[in-house]
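Secondary and tertiary structure notes
Spelled out, the chains give:
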Amino acid sequence: MLSAQERAQVAQVWDLIAGHEAAFGAELLLRLFTVYPSTKTYFPHLGSCADKAQLLSHGRRMLEAVGVAVQHLDNLRAALRPLADLHAQVLRVDPSNFPLLIQCFQVVLASHLQDEFTVEMQAAWDKFLTGVAVVLTEKYR
């Protein structure tokens, strides 16, 4: 899936994110809900006006799952199987929403990391996150 250079770029960006999962995740959710309001329907536990603590908590969980994927690049399917089952069988998230999430995540990364988030890193992360989305949507078939 990823070349050695792309793996290194994914790891390098993750090192910059690590320790800030809650803040990045909350911003990702806010951006997702603002740009694509229909996605809010998949987060009923956050209510119509999620408070900061709820956003930080769920944002942290989301990015911790990304961290698991970063640590298991060689076996994403096994690492993300419980999450794939949850999204497909319990939450029934429309797979068309994953690209929206990826887009918003890329914007959050670029806004925070700025010059450190090079075009090559963005391409590696796009490929990585698309791979994660593919694994998460395989259970839909």
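The coordinates are above.
These numbers were taken from a predicted model, which means no experiment stands behind them. (Residues numbered from 1 in each chain as written. Predicted model: local features only at pLDDT ≥ 70, side-chain atom pairs only at ≥ 80, totals over all residues. Heavy atoms only, no water.)

1. Remarks on the environment of L91
Along the polypeptide, L91 turns up in the loop between α4 (76-90) and α5 (98-113). In this structure L91 touches Y42 and L86, once residues within four positions along its chain are discounted. (Helix = DSSP H or I, 4+ residues; strand = E, 2+ residues; numbered from the N terminus. Contact = heavy atoms within 4.5 Å.)

2. Some thoughts on the pattern of salt bridges
All told, the structure shown has four salt bridges when counted by the stated rule. Residue R31 is joined to E27 by a salt bridge in which the shortest nitrogen-to-oxygen separation is 3.9 Å. Taken together, the positions of R31 and E27, both in helix α2 (residues 21-35) and four residues apart, correspond to about one turn of that helix. By relative accessible area, R31 is classed as partly exposed at 29%. The closest approach of N and O atoms between R77 and E138, which form a salt bridge, is 2.7 Å. Within this pair, whereas R77 is found in helix α4, its partner E138 is found in the segment after α6 (119-137), the two being separated by 61 residues in sequence. Under the relative-accessibility criterion, R77 is labelled partly exposed at 48%. Look at E138 and you get partly exposed, because its relative accessible area is 25%. (Salt bridge = Lys/Arg side-chain N within 4 Å of Asp/Glu carboxyl O. Buried < 20%, exposed > 50% of the residue type's maximum accessible area, 1.4 Å probe, protein only.)

3. Considering the packing of aromatic side chains
One pass over the structure, following the stated rule, counts two aromatic pairs. Pairing W125 with F128 gives two aromatic rings, centres 5.1 Å apart and planes at 85°, and the pair type is edge-to-face. Note that W125 and F128 are positioned in helix α6 at a spacing of three residues, about one turn of the helix. Overall, W125 belongs to the buried group, its relative accessible area being 0%. Ring pairs connect the aromatic residues F105, W125 and F128, which therefore count as one cluster. Positioned over the ring face of F33 is K40, at 4.9 Å from the centre of the ring. (Phe/Tyr/Trp six-rings, centres within 6.5 Å; stacked < 30°, edge-to-face > 60°. Lys NZ or Arg CZ within 6 Å of the ring centre and 35° of its normal.)

4. Some words on the packing of α2 against helix α3 (residues 52-71)
One can describe the packing of α2 onto α3 by two numbers: an axis separation of 7 Å at closest approach and a directional angle of 105°. As the angle between them shows, α2 and α3 are arranged roughly perpendicular. Touching E21, A22, A23, F24, G25, A26, L28, L29, L30 and F33 of α2 are L55, L56, H58, G59, R60, M62 and L63, all from α3. Split by residue class, the contact of α2 with α3 holds 12 nonpolar, three polar and two charged. (Axes fitted to C-alpha atoms, helices over the stretch in contact; angles between N-to-C directions. Parallel < 35°, antiparallel > 145°, perpendicular 65-115°, else oblique. Nonpolar A, V, L, I, M, F, W, Y, C, P; charged D, E, K, R; others polar.)

5. What to know about the side chain of H87
The topology assignment puts H87 in helix α4. Accessibility expressed as a relative area gives 17% for H87, which makes it buried. Looking at H87, its side chain comes within polar contact range of the main-chain oxygen of L83, at 2.9 Å. Excluding its chain neighbours within four sequence positions, the residues that come into contact with H87 are R92, V93, F98 and Y140. (Polar contact = N/O pair within 3.5 Å; in protein donor to acceptor, adjacent residues only side chain to side chain.)

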